[in-house]
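Read off the chains here:
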Amino acid sequence: MSKNIRKYIIMRLLTGIQPSGDLHIGNYFGSIKQMVEAQKSGETLAFIANYHAMSSGNGGEKLANLTMQTATDFLSLGIDPQKSTFWVQSDVKEVLELYWILSSFTPMGLLERAHSYKDKIAKGINANHSLFSYPVLMAADILLFSPDIVPVGKDQIQHVEIARDIAIKFNNEYGDILKVPEFKIQEDVATVPGTDGQKMSKSYGNTVNIFGEEKKQLKIIKKIVTENVAMEEPKEFEGCNVYNMAKLFLDKNELVSLQNRYLSGGEGHGHFKLYLAEVMWTYFNEYRVKREYYINNQDEVRDILSNGAKKASLIALEKIEKIRTVTGIRY
Ligand code: ADP
Ligand code: TRP
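Residues numbered from 1 in each chain as written. Chains lettered and ligands numbered in written order. Predicted model: local features only at pLDDT ≥ 70, side-chain atom pairs only at ≥ 80, totals over all residues. Heavy atoms only, no water.

### As for the overall build of the protein chain
Thought 1: Scanning the protein chain from N- to C-terminus turns up 15 helices and five strands.
Thought 2: Taking 2.2 N^0.38 as the reference for a compact globule, 331 residues should give roughly 20 Å; the C-alpha atoms of the protein chain span a radius of gyration of 22 Å, in line with that estimate.
Thought 3: Seen through its principal axes, the protein chain has C-alpha atoms that stretch 80 × 50 × 40 Å.
Thought 4: Across the 331 residues that make up the protein chain, the buried fraction comes to 47%.
Thought 5: Residue pairs at least 24 apart in sequence account for 77% of intrachain contacts in the protein chain once pairs closer than 6 positions are excluded.
Thought 6: Within the structure as shown, the protein chain displays about 17,700 Å² of accessible surface, and the carbon and sulfur contribution to it stands at 51%.
Thought 7: Here the protein chain carries 40 positive and 40 negative side-chain charges, and the mean point of each set is 2 Å from the other. (Helix = DSSP H or I, 4+ residues; strand = E, 2+ residues; numbered from the N terminus. Rg over C-alpha atoms; globule rule 2.2 N^0.38 Å. Buried < 20%, exposed > 50% of the residue type's maximum accessible area, 1.4 Å probe, protein only. Contact = heavy atoms within 4.5 Å. Areas by Shrake-Rupley, 256 points an atom, 1.4 Å probe, with all protein chains shown as cover. Lys, Arg positive; Asp, Glu negative; His and termini not counted. Charge placed at Lys NZ, Arg CZ, Asp CG, Glu CD.)

See the structure below:
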């Protein structure tokens, strides 16, 4: 295959990860697993969005720790530094320069219409400038690296659209410099339910974490809300929160056999919860081992991030040089 054809086929994917706390199985099946799989076929760029985390009030030692924790967890779960470029946002400072430059191509109205900002204001959260200008930084994150695709959850679509608007405005002034990004909605990904049956989310306090302690995890799983049906009665698996979580971890045969256990009666939801705890523990076993390794070798994690930042900088520098020239910042 000629070099040009290869270049054409390989897609560059870019994603940002907020360092916001313990990862849960919703994060894993809704996002991390896809990122890991994308490494097989495309060029993946992933960074820990630590500047972004500041806009929701994280800072100080907590932010530093969360950054390392998130990096450790993503590496443990399969981000492969040989295949992906993986770095911390603040280690490639050109993003801040581009953020400022793009601000001049961002109408106030565009930011005033951003749902994430409007929602927070509606909840009475005091807005600061970083919350307001968050989409401009996100546009810089994207446009600096010219990805073909930005895989996002539904809540982030508008932010990518803002990045597109900004890129088009910039290009209208200075020519075809910025690649207008496409987003890919993760439609095929079902929403993972939390222990109360709502969408699993840190903000609802209904999460089952990936790397919890075994006893604690079992305690949380035991809290999953289920129907009240007598032990000997057959039970509905469709719509059962325990079943919906368990099916994420099971292959086809295991799933059918669990369905049969529901239908034949004689077992309570408590039994299914114990089974869920067991399959989940087994599923993440290899990742826990890897995590233990990285926790004991944090210098290796730092080296991986620093090499990732060097790789990302090469792309960023090439782009920012062009931008500096066309905008007249280089004189
Ligand atoms: P949280 O709601 O716990 O704060 P985030 O907003 O940080 O989670 O989510 C990070 C990623 O995980 C996003 O891509 C999001 O779409 C995905 N995700 C989070 N919760 C779920 C869920 N319950 N089901 C599927 N995907 C989820
Ligand atoms: N805003 C995204 C979130 O909250 C994180 C993010 C920051 C991002 N910069 C990005 C995602 C660039 C994709 C591309 O989840």
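Structure's up, so let's keep going.
### Describing the site of ligand 2
Thought 1: Neighbouring residues of ligand 2: L14, G16, Q18, F47, H52, Y134, M138, D141, I142, V150 and Q156.
Thought 2: Between D141 and ligand 2, the recorded distance is 2.7 Å, taken from a side-chain N or O atom to a nitrogen atom.
Thought 3: The contact in question runs from a nitrogen atom of ligand 2 to an N or O atom on the side chain of Q156, over 2.9 Å.
Thought 4: When the free accessible area of ligand 2 is taken as 370 Å², the share hidden by the protein chains comes to 88%.
Thought 5: Going through the elements one at a time, β1 (12-17) and α8 (129-143) are the ones with two or more residues in the shell around ligand 2.
Thought 6: Classifying every residue of the shell around ligand 2 gives six nonpolar, four polar and one charged. (Near = heavy atom within 4 Å. Polar contact = N/O pair within 3.5 Å; in protein donor to acceptor, adjacent residues only side chain to side chain. Nonpolar A, V, L, I, M, F, W, Y, C, P; charged D, E, K, R; others polar.)

### Some details on the site of ligand 1
Thought 1: In the vicinity of ligand 1, the residues found are H24, G26, N27, G30, S31, A190, T191, V192, K199, M200, S201 and K202.
Thought 2: Interatomic distance of 2.8 Å between a backbone N/O atom of K202 and an oxygen atom of ligand 1.
Thought 3: For ligand 1, whose unbound accessible area comes to 540 Å², protein coverage reaches 74%.
Thought 4: Counted by class, the shell around ligand 1 contains three nonpolar, seven polar and two charged residues.

### Describing the nonpolar core
As a rule of thumb, soluble globular proteins bury nonpolar side chains together.
Thought 1: With 47 residues, the main nonpolar core has I25, L77, F86 and F284 as its most contacted residues.
Thought 2: In terms of residue count, the dominant contributor to this core is helix α13 (residues 269-283) (six residues).
Thought 3: Counting 46 residues, the second-largest nonpolar core is a separate cluster that includes V95, L131, M138 and I177. (Core = buried A, V, L, I, M, F, W, Y, C linked by side-chain atoms within 4.5 Å.)

### Here's the deal with the side chain of Q158
Thought 1: Tracing the backbone shows Q158 in helix α9 (residues 157-174).
Thought 2: When neighbours within four sequence positions are excluded, Q158 is seen to be in contact with R113, A114 and H115.

### Here's the deal with the packing of aromatic side chains
Thought 1: With the rule as written, the count across this model stands at 22 aromatic pairs.
Thought 2: Ring geometry for Y28 and Y287: centres 6.2 Å apart, planes at 55°, overall tilted. Here Y28 is found in helix α2 (residues 25-38), whereas its partner Y287 is found in helix α14 (residues 285-296), with 259 residues between them in sequence.
Thought 3: A residue is classified by how much of its surface remains accessible, and Y28, at 3% relative accessible area, is buried.
Thought 4: Pairwise contacts between aromatic rings join Y28, F29, F249, Y283, F284 and Y287 into one cluster.
Thought 5: Here R261 stacks its cationic end above the ring of Y275, 5.0 Å away from the centre of that ring. (Phe/Tyr/Trp six-rings, centres within 6.5 Å; stacked < 30°, edge-to-face > 60°. Lys NZ or Arg CZ within 6 Å of the ring centre and 35° of its normal.)

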